[in-house]
Amino acid sequence: MHQADRDREKVKGSSRKSASRREFITCVGVAGMGITAAPAIRAMSQSSQAKVAGANQRVRVAIMGTNSRGDALAGSFARLPGAEVVAVCDVDTRAIAKAQATVEKHQRPRPKGVTDLRRILDDASVDALVIAAPDHWHAPAAILGIEAGKHVYVEKPCSHNPREGELLVEAARRRNRVVQMGSQRRSYPHIIEAMTALKSGIIGRVYYSRSCYNNNRGPIGTGKQAPVPEWLDYELWQGPAPRRPYLDNRIHYNWHWFWHWGTGESGNNAVHFMDLCRWGLEIEYPILVSSVGGRYCHRGDDWETPDTQSIVFEFEGGKSMMWEGLSCSTLGYPGPTFHGEGGNMLVTDNGYTVYDEKSKVVKEVKGEAASPVDLTGPGFSKDVAHLNNFLKAITSGEKLNAPIEEGHKSTLLGHLGNIAARKQRTLHCDGKTGHVLGDTDAMTLWSREYEPGWWAPKS
Ligand SMILES: NC(=O)c1ccc[n+]([C@@H]2O[C@H](COP(=O)([O-])OP(=O)(O)OC[C@H]3O[C@@H](n4cnc5c(N)ncnc54)[C@H](O)[C@@H]3O)[C@@H](O)[C@H]2O)c1
């Protein structure tokens, strides 16, 4: 038997063993503290506590979810001298084999392949967990990783709903782990320079910022009940989300457009750009959020989240921002743009331009040319600084460019926009926490229901 087939067989075996969810991840709540793990996880987490590697040591990384983004991250980490990819974890056996092959192009030895996240959590040789699974897994897996002593790189959005983000921040602080969100633009050198220039007043007091996202996504059709493919452990794929029958148009990728697992285009893409707007405006939580949107294009298929959405936010101190997302129309405008009392700034993936009050260019800075962004991300050359920043934060205490506190605040903006669109009303929020005020109905979307026996916050 070929080695890859032997690995697939091993993976299938472990997948069959993994199907008992009761012994999986049961988290019980502690009021005010978010979550703690069940005894099995607690015992494991003490033994597998990741040691902070020394400055010259390689961080041993495991990647969860390797169909697309995770495969790219596996290849990127494998190329970095500061990392060794020791394991790839996916519930799709084909994705495991693909990522192992990707890693092997850059690194020896070949990483082990596992189906079950528990085999990463209880592996003391893993220092850091990298999460590129679907959104409903992000915060639960990240918190479990933290509780098991791992450092965590979690893809954006860092949570499926606001409460998970709060719990994730609490867990990272409680266990003092390095937790970075995959908002890689925070590490683009020209963007750091642009933000520093904004802060130093290059366009005066900045009071407004806007951004947009455009794509030409097609319809996803109507799902039909089908047997679960032999390559997929659907039980583990669903994990903490309440059970749904397997339909043939959700996996992979299209789960993004279902509230049950995804966060729509605002969680998928707005978070990147609203993160920059928030950074440049030097703001945290909004006091007003309004949004309109819906499935306006290709109507009649299963897609639930808005494919066309506008979100506006107001912040304390006379500042506001706007994001527009068109999933099915490619005509947009460059950005984000920042508007100040003394001029304007345009920031793109490959540079920034400063204009005076009359829109005359006063400064133009070119960054590294942007490669075309595809479903796997912006490519190695654009990701590398962010990944290195995460590794150096672990090995030598370098300051994180996208610590989870910032990731949570930016992810929350997308969640609030979605709540406002779904409830079809303006939300009044607490400027210190983002909590919706005087609207218990809107706050029902602050959290979610969980599948019993998996992972559940209780506070
Ligand atoms: N930062 C960026 O530029 C960037 C780019 C693309 C995607 N992303 C993010 O990465 C995440 C993944 O996106 P994608 O497009 O790769 O999605 P995808 O659906 O193509 O892949 C997700 C993978 O996770 C696997 N998975 C599901 N449950 C799992 C579990 N319990 N254990 C292990 N693996 C599991 C799936 O089998 C699949 O292989 C998303 O949250 C997305 O927002 C970020």
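If you're wondering where the values come from, they're calculated on a predicted model, not measured in any experiment.

Peer 1: Which parts of the structure should I look at to understand the overall build of the protein?
Peer 2: In terms of helices and strands, the protein carries 13 helices and 18 strands. Across the 459 residues of the protein, 49% fall into the buried class. Considering only residue pairs separated by 6 or more positions, the protein has 72% of its internal contacts joining residues 24 or more positions apart.

Peer 1: Explain the environment of Ser187 to me, please; I cannot follow it from the model alone.
Peer 2: Checked against the element boundaries, Ser187 lands in the loop between β8 (179-181) and α8 (189-199). A count of 21 C-beta atoms within 10 Å places Ser187 in the buried class. Placed 214 residues apart in sequence, Ser187 and Asn401 show a C-alpha to C-alpha distance of 6.2 Å. For Ser187, the residues in contact, after removing those within four places along its chain, are Ala385, His386, Asn389 and Asn401.

Peer 1: Explanation requested: the sheet that holds strand β3 (residues 59-64) in the structure shown.
Peer 2: Two orientations exist for strands paired in a sheet by backbone hydrogen bonds: parallel and antiparallel. Spatially, six strands are ordered β5-β4-β3-β6-β7-β8 in an open sheet, and the strand pairing comes out parallel. In this open sheet, the two edge strands, each paired with only one partner strand, are β5 (112-114) and β8. Mean inter-strand twist for the sheet, computed between neighbouring axes without regard to direction, equals 20°. Two strands pair when backbone bridges link them, and strand β6 (residues 128-131) and strand β7 (residues 151-154) are joined in this way by four bridges, in the parallel orientation. Residue pairing for β7: Ile131 is matched across the bridge by Val154.

Peer 1: Explain the pairing of strand β15 (residues 343-348) to me, please; I cannot follow it from the model alone.
Peer 2: Two faces make up the sheet, and in a regular strand the side chains alternate between them. Only one face of β15 is buried, namely the one carrying Gly343, Met345 and Val347, since none of Asn344, Leu346 and Thr348 on the opposite face is buried. Where strand β14 (residues 337-340) and β15 come together, four bridges link them in antiparallel fashion. Paired with Gly340 across the bridge in β15 is Gly343. Hairpin geometry of β14 and β15 is characterised by an intervening segment of two residues between the two adjacent antiparallel strands. As paired strands, β15 and strand β16 (residues 351-355) are joined by five bridges and run antiparallel to one another. Bridging across to β16, Val347 finds its partner in Tyr352.

Peer 1: When you look at the packing of helix α3 (residues 69-79) against helix α11 (residues 380-396) in this model, what are you seeing that I'm missing?
Peer 2: Packed helix pairs are specified by the crossing angle of their axes together with the interaxial distance, meaning the distance between the axes. Relative orientation of the contacting elements α3 and α11 amounts to 65°, with a least axis distance of 10 Å. Taken together, the axis directions place α3 and α11 in an arrangement best described as roughly perpendicular. Helix-helix and strand crossings are classified by hand; for α3 and α11 the assignment is right-handed. Where α3 approaches α11, its residues Ser76, Phe77 and Arg79 are matched on the opposing element by Phe380, Asp383, Val384 and Leu387. Its residues placed into classes, the contact of α3 with α11 shows four nonpolar, one polar and two charged.

Peer 1: So what exactly am I meant to see when it comes to the pairing of β6 here?
Peer 2: Residue alternation in β6 divides its side chains into two sets, Ala128 and Val130 and Leu129 and Ile131, and both sets are buried. Direction of pairing for β3 relative to β6: parallel, over a ladder of four bridges. Bridge pairing in β6 places Val61 opposite Ala128. This β-α-β element, β6 to helix α6 (residues 135-147) to β7, shows right-handed connectivity.

Peer 1: Help me understand the environment of Ala139, please; the structure alone is not making it clear to me.
Peer 2: Note on placement: Ala139 falls in helix α6. As a C-alpha pair, Ala139 and Pro157 span 18 residues in sequence and 9.2 Å in three-dimensional space.

Peer 1: Looking at this model, I keep getting lost on unusual backbone geometry. Mind explaining?
Peer 2: Glycine aside, a negative phi is what most residues show, and trans is what most peptide bonds show. In this structure, Pro157 follows Lys156 across a cis peptide bond, with omega equal to -10°. Residue Pro336 is bonded to the preceding Gly335 through a cis peptide linkage, with omega at 5°. Mapped onto the secondary structure, Pro336 falls in the loop between β13 (328-329) and β14. The residue Ser359 is not glycine, and still its phi comes out positive at about 65°. Topologically, Ser359 is positioned in the loop between β16 and β17 (361-366). Notably, Gln424 is not glycine yet its phi reads approximately 55°, a positive angle. Given 10 C-beta atoms within 10 Å, Gln424 falls into the exposed group.

Peer 1: When you look at the site of the ligand in this model, what are you seeing that I'm missing?
Peer 2: Near the ligand there are 31 residues, and of these Gly65, Asn67, Ser68, Arg69 and Gly377 occur at the shortest range. Only α3, α6 and α9 (234-238) provide two or more residues apiece to the shell around the ligand. Per-class residue counts for the shell around the ligand are 14 nonpolar, 11 polar and six charged. Taken domain by domain, the shell around the ligand gets at least three of its residues from each of domain 1 (3-184) and domain 2 (186-438).

Peer 1: What exactly am I supposed to notice about the confidence of the model for the protein here?
Peer 2: Detailed reading of the predicted model is not advised wherever pLDDT is low. Overall, the prediction assigns the protein a mean pLDDT of 90, with 87% of residues at 70 or greater. Counting interchain partners and residues more than four positions distant, the pLDDT-below-50 stretch residues 1-50 has 89 contacts.

Definitions and cut-offs
Residues numbered from 1 in each chain as written. Predicted model: local features only at pLDDT ≥ 70, side-chain atom pairs only at ≥ 80, totals over all residues. Helix = DSSP H or I, 4+ residues; strand = E, 2+ residues; numbered from the N terminus. Buried ≥ 20, exposed ≤ 12 C-beta atoms within 10 Å, placed from the backbone. Contact = placed C-beta atoms within 7 Å. Pairing = 2+ DSSP bridges. Axes fitted to C-alpha atoms, helices over the stretch in contact; angles between N-to-C directions. Parallel < 35°, antiparallel > 145°, perpendicular 65-115°, else oblique. Left-handed = near helix turned anticlockwise from the far one by under 90°. Nonpolar A, V, L, I, M, F, W, Y, C, P; charged D, E, K, R; others polar. Right-handed = clockwise from strand over helix to strand, strands pointing away. Near = placed C-beta within 6 Å. Domains from an automatic or database assignment. pLDDT = per-residue confidence, 0-100.

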